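Structural characterization, general
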Amino acid sequence: MNPLRVLVLHGPNLNLLGTREPEVYGRTTLQDIDQTLVALGAELGLDVQCHQSNHEGALIDRIHAAREDGTRFVIINPAAYTHTSVALRDALAALGRPFVEVHLSNVHRREPFRQNSYFSDLAEAVISGCGAAGYGFALRYAAEKLAAITRT
């Protein structure tokens, strides 16, 4: 049996993790996060595919591709697009797969504009303020949800 595919999407500027505002986002790099998720996914019986882009259209294109590539669950850190992208929201809604919204920092302790999300009302869950560990929490949640779906 093929492992269930989980797509992890990282939005703009997350390629700078580890060096960009480490007091806010931590010192863990995006490569570290992706490697950890792929390894954890293997332990959980999941095929984890990671993708980062600084371009809204590239993220939307990847979501569209997920309609045909076996993706069953999405974990997304939309980064700055959280507060601006109706198009990215619409792509996730059209995908029709469950997703978790992840933020490294606690957006509710930051500037008021960061407290508005175009995704939270569609998301299965929102994880905010747990740093890089939030991605692992989201992946474990995805594994539990997918196990429940495949049992029925």
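Residues numbered from 1 in each chain as written. Predicted model: local features only at pLDDT ≥ 70, side-chain atom pairs only at ≥ 80, totals over all residues. Heavy atoms only, no water.

This is how it is decided: UniProt positions are given in the numbering used here, feature names are shortened, and annotations may be inferred rather than shown by experiment.
Taking an unreviewed UniProt entry as the reference, the protein is identified by name as 3-dehydroquinate dehydratase belonging to Thiomonas delicata. A UniProt comment under Subunit (unreviewed entry) is attached to the protein, and it reads "Homododecamer." The UniProt entry for the protein carries this comment under Catalytic activity (unreviewed entry): "3-dehydroquinate = 3-dehydroshikimate + H2O".

1. Examining the side chain of D34
Convention followed: Think of it this way: any DSSP run of H or I at least four residues long counts as a helix, any run of E at least two long counts as a strand, and we number them from the N terminus. Accessible area is worked out with a 1.4 Å probe on protein chains only. A residue is then buried under 20% of its type maximum, exposed over 50%, and partly exposed in between. Counted as positive: Lys and Arg. Counted as negative: Asp and Glu. His and the chain ends are not counted at all. A carboxyl oxygen of Asp or Glu within 4 Å of a side-chain nitrogen of Lys or Arg is what we treat as a salt bridge. Throughout, a contact is declared for two residues whenever any of their heavy atoms are within 4.5 Å.
Along the chain, D34 falls in helix 2 (residues 30-44). Despite its burial, D34 remains without a salt bridge, the nearest opposite charge being carried by R62 at 11 Å. Once residues lying within four places of it in the same chain are set aside, the contact partners of D34 are H10 and C50.

2. Structural notes on the nonpolar core
Rules: The definition of a nonpolar core used throughout is a set of buried Ala, Val, Leu, Ile, Met, Phe, Trp, Tyr and Cys residues joined through side-chain atoms within 4.5 Å.
V6, L46, I75, Y135 and L139 are the most contacted members of the largest nonpolar core, which totals 25 residues. Looking at this core, the elements that each hand over two or more residues are strand 1 (4-10), helix 2, strand 2 (46-52), strand 3 (71-77), strand 4 (99-103) and helix 5 (133-151). Among the elements that make up this core, the one with the highest residue count is helix 5 (six residues). If near-sequence neighbours (up to four positions away) are discounted, L46 is found in contact with P3, L4, V6, G41, L139, A143 and L146.

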